[in-house]
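Report on the structure
The primary structure of each chain is shown beneath.
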Amino acid sequence: MRVLVVDDERLARKELISLLSQNDNIEILGEAPNVDEAKEKIESLQPDVVF
């Protein structure tokens with residue numbers, strides 16, 4: 001599963017990425033600190049799930 005993590009708090013993003021990285025079936029495509037960057041990354045990366 002291809003995942004994009006979005007949160008305005010850097011530490012929250014890092015914690016979620018750390019937890020998700022423990023699962024071999026999850027590929028972290030990237031992260032975004034706001035909705036504008038998230039929209040761009042969703043369009044370009046086409047993740048399966050956005051947290």
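Keep in mind it's a predicted model, so treat the numbers as computed, not measured.

Calculation criteria
Residue indices follow the written sequence of each chain, beginning from 1 at its first position. Predicted model: local features are reported for residues with pLDDT of at least 70 only, side-chain atom pairs are reported and counted for 80 or more only, and whole-chain, interface and lining totals are derived from all residues. Note that the side-chain values use all heavy atoms of the structure and ignore hydrogens as well as water. Working definition: helices are DSSP H or I runs of at least four residues, strands are E runs of at least two. Numbering for both runs from the N terminus. Each residue's exposure class comes from its accessible area (1.4 Å probe, protein chains only) as a fraction of the maximum for that residue type: buried when under 20%, exposed when over 50%, partly exposed otherwise. For the purposes of this section, nonpolar cores are sets of buried Ala, Val, Leu, Ile, Met, Phe, Trp, Tyr and Cys residues that join through side-chain atoms within 4.5 Å. Note on contacts: a residue pair qualifies if any of its non-hydrogen atoms lie within 4.5 Å across the two residues. A pair of strands is considered paired only if DSSP assigns at least 2 bridges between the two.

**Looking at unusual backbone geometry**
For Q46, which is not glycine, the phi torsion reads 55 degrees and is therefore positive. Mapping Q46 onto the fold places it in the loop between helix 2 (35-45) and strand 3 (49-50). On the basis of relative accessibility, which here comes to 51%, the residue Q46 falls in the exposed class.

**Remarks on the nonpolar core**
One broad trend across soluble globular proteins is that nonpolar side chains are buried collectively. Within the largest apolar cluster, five residues are counted, these being V3, V5, I17, L20 and I26. Of all the secondary-structure elements, those providing two or more residues to this core are strand 1 (2-6) and helix 1 (10-20). For V5, the residues in contact, after removing those within four places along its chain, are R13, L16, I17, L20, G30, E31, A32 and F51.

**A word on the sheet that holds strand 2 (residues 27-32)**
Read from one edge of the open sheet, three strands run 2-1-3, paired in parallel fashion. Here the strands that pair on one side only, and so sit at the sheet edges, are strand 2 and strand 3. As paired elements, strand 1 and strand 2 share five bridges and run parallel to each other. Counterpart to V3 in the pairing with strand 2 is I28.

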